[in-house]
Amino acid sequence: MSVLIETSIGDLVIDLYTEEAPLTTKNFLKLCKLKYYNFSRIHRVEPNYIAQMGDPQGTGHGGQSIFGVLGGARYFPAEHNELKHSERGTVSMAVTQQQVRGQDGVAGSQFFVTLADNLEYLDGRHTVFGRVVEGLGLLDEISAMLCDQAGRPLMDVLLRHTVVLDDPFDDPPGLVVPEGSPLLPSLEQTRDMRIEAGEELRVALADENEMRRREARAQALTLEMIGDLPYADIKPAENVLFVCKLNPLTQDDDLRTIFARFGEILSCEVMRDRETDVSLGYAFVEFKDKQACEEAYFKMDNVLVDDRRIHVDFSQSVGKYKGRWVNSSRDKGVDGALVRRAGRYRHSDRGERDARDGAHYDMVFDARDLRRQRRGQDDQKTRHRSSSRRSRSPRRQRWDKR
């Protein structure tokens, strides 16, 4: 029999002693089912001692039992058992030591969790009914929180949600379990609410993620303008595998034969040094469909190929969307829209641009500018090779000035 309590700084899982404290655990379980504790807070923390909670008003003077919620007595008689506050994470019902309607010890909805071991002073005074089995690390964080003079944390720790994992007791008459948890705290709970613990961290993480996203976007746009990326929103293909840790002797045809059993392969290329033509130890394998690529990814990682354990992952490269590969891939049936977008800033679009008002603007290089630049370079080479000093034509003077 367990209950999951989701707080603003983490989750706590509490195992309940239903046999040793049946009335107390029944009261606690039914209050959790009613979402009675939702948006209540830890209203009192004594470092290395206890953390008290369970009052919907957050004052330490409110709350009532399930019987009071259903129209009966606000409190119920406290149970006494042999369980001790010997371990950190012991969950105990807060019991008033004053007489209420002729009863010496009564309990309502408030409970506390011990933050240290061997708190013998609490034995016999309060009813132990459970222990924390998951989330013990949160207890250290709660114990170290800064508090005001009344012991209330300066940053609220809210009990956002309670989930009953197992309930062996029958519901009392008149108990109507809500279909879902409340989305917002009540007006009374918001009147004295402080900054929620963990809120600053969430805001900081959100700002950091947004900053990283904008920075990545700016870098992508820069690479697009200088021509290193076809366009800023480009993403790696989902049908291409990156294969590394290859034996230098492994050839393209070898990999194609090995990976062909998963599906049709469009291209298989081992990367090589441009000057020496020596294998660089990695390759790209492009499949026709995504399913074959995924199957190869799951089955070929760490497989022995030519006495080497290869590593297989999905490709993160977009280099094949540029230049010669783009033109050749158009014939292989690769996504036509993607291929066309890859050339939108190149002079391959010149004819389409010239048809619009005779404009020749381009974000990288215009075809006309490229021809002028090549012509100027050829003229410079001719002048350097010439041994005679002859007068330059007006045309060459214009190119020299440039």
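Residues numbered from 1 in each chain as written. Predicted model: local features only at pLDDT ≥ 70, side-chain atom pairs only at ≥ 80, totals over all residues. Heavy atoms only, no water.

Draft legend 1. Expanded view of the overall build of the chain. In terms of helices and strands, the chain carries twelve helices and 16 strands. Residue burial in the chain is summarised as follows: out of 402 residues, 39% are buried. Restricting to contacts in the chain with at least 6 residues of sequence separation, those with at least 24 account for 68%. (Helix = DSSP H or I, 4+ residues; strand = E, 2+ residues; numbered from the N terminus. Buried < 20%, exposed > 50% of the residue type's maximum accessible area, 1.4 Å probe, protein only. Contact = heavy atoms within 4.5 Å.)

Draft legend 2. Representation of the pairing of strand S12 (residues 265-272) in the model. Burial runs high along S12: six of the eight residues are buried. In terms of strand pairing, S12 meets strand S13 (residues 279-287) through six bridges, oriented antiparallel. Considered in S13, the bridge of Ile265 is made with Phe287. Count of turn residues in the S12/S13 antiparallel hairpin: six residues, of which Asp277 carries a positive phi of about 60°. (Pairing = 2+ DSSP bridges.)

Draft legend 3. Geometry of the environment of Leu249. Here Leu249 is to be found in the loop between strand S11 (240-244) and helix H6 (252-259). Sequence separation of Leu249 and Ser279 is 30 residues, and the distance between their C-alpha atoms is 7.6 Å.

Draft legend 4. Local environment of the sheet that holds S13. Taken together, four strands build an open sheet; the order of strands is S12-S13-S11-S16 and the sheet is antiparallel. Each edge of the sheet is formed by a strand with only one pairing partner; in this case those strands are S12 and strand S16 (311-314). Put simply, the sheet's adjacent strands are angled 20° from each other on average, direction ignored. Sheet topology note: the S11/S13 ladder contains five bridges and is antiparallel. When the bridges of S13 are listed, Val243 appears paired with Ala283. Against the sheet, H6 contacts S11, S12, S13 and S16, and its axis sits at roughly 140° relative to S12. (Axes fitted to C-alpha atoms, helices over the stretch in contact; angles between N-to-C directions.)

Draft legend 5. Fine view of the environment of Asp253. Within the secondary structure layout, Asp253 lies in helix H6. Counting along the chain gives 17 residues from Asp253 to Val270, while the straight-line C-alpha distance between them is 9.4 Å.

Draft legend 6. Structural context of the packing of aromatic side chains. Under the definition given, this model contains 14 aromatic pairs. Aromatic side chains Phe28 and Tyr37 sit 5.7 Å apart centroid to centroid with 40° between the ring planes, which places their arrangement in the tilted category. The buried category is assigned to Tyr37, whose relative accessible area is 1%. What links up through ring pairs into an aromatic cluster is the set Phe28, Tyr36, Tyr37, Phe111 and Phe129. (Phe/Tyr/Trp six-rings, centres within 6.5 Å; stacked < 30°, edge-to-face > 60°.)

Draft legend 7. Expanded view of the side chain of Ser109. Following the sequence through the fold, Ser109 ends up in strand S8 (residues 106-114). The class for Ser109 is buried, based on a relative accessible area of 1%. Beyond its immediate sequence surroundings of up to four residues, Ser109 is in contact with Leu31, Tyr36, Tyr37, Gly54, Pro56, Gly62, Gly63, Gln64, Ser65 and Met93.

Draft legend 8. Structural context of the confidence of the model for the chain. Counting all residues, the mean pLDDT for the chain is 80, and 75% of those residues have values of 70 or more. The low-confidence segment residues 323-365 (pLDDT under 50) makes 56 contacts with residues lying over four places distant or belonging to another chain. (pLDDT = per-residue confidence, 0-100.)

Draft legend 9. Quick look at a negative patch on the surface. On the surface, Asp253, Asp254, Asp306 and Asp307 cluster together to form a negatively charged patch. Position of Asp306 relative to the elements: it lies in the loop between strand S14 (304-305) and strand S15 (308-309). (Patch = residues over 30% accessible without salt bridge, like charges linked within 9 Å, V, L, I, M, F, W, Y side chains within 5 Å. Areas by Shrake-Rupley, 256 points an atom, 1.4 Å probe, with all protein chains shown as cover. Salt bridge = Lys/Arg side-chain N within 4 Å of Asp/Glu carboxyl O. Lys, Arg positive; Asp, Glu negative; His and termini not counted. Charge placed at Lys NZ, Arg CZ, Asp CG, Glu CD.)

Draft legend 10. Region of interest: a nonpolar patch on the surface. A cluster of nonpolar residues, Leu221, Leu223, Met225 and Ile226, forms a patch on the protein surface that exposes about 330 Å² of accessible area. Along the polypeptide, Met225 turns up in helix H5 (residues 199-226).

Draft legend 11. Here's a closer look at the pairing of strand S7 (residues 90-96). Most of S7 sits out of view: six of its seven residues are buried. Strand direction decides the pairing type here: S7 and strand S9 (residues 127-134), joined by four bridges, are antiparallel. Among the inter-strand pairings, Val91 is bridged to a residue of S9, identified as Gly130. Here S7 pairs with S8 via five bridges, running antiparallel. Paired with Val95 across the strands is Ala107, a residue of S8.

Draft legend 12. Quick peek at unusual backbone geometry. Backbone geometry at Lys35 places phi at a positive 60°, although glycine is not the residue there. Residue placement: Lys35 occurs in the loop between helix H1 (22-33) and strand S3 (40-41). Non-glycine residue Asn118 carries a positive phi angle of around 55°. In this fold, Asn118 is placed in the loop between S8 and S9.

Draft legend 13. View of the pattern of salt bridges. A full pass over the atoms with the stated rule returns 15 salt bridges. Residues Asp156 and Arg152 are paired through a salt bridge, measuring 3.2 Å at the closest nitrogen-oxygen approach. Judged by relative accessible area, Arg152 falls into the buried class, the value being 6%. Among the ionic pairs, Arg214 bridges to Glu210, the shortest N-O distance being 3.0 Å.

Draft legend 14. Main features of the side chain of Ser2. Within the secondary structure, Ser2 is located in strand S1 (residues 2-7). Side-chain polar atoms of Ser2 contact the side chain of Asp15, separated by 2.4 Å. Not counting residues up to four positions away in its chain, the partners in contact with Ser2 are Val13, Ile14, Asp15, Val163, Val164, Leu165 and Asp166. (Polar contact = N/O pair within 3.5 Å; in protein donor to acceptor, adjacent residues only side chain to side chain.)

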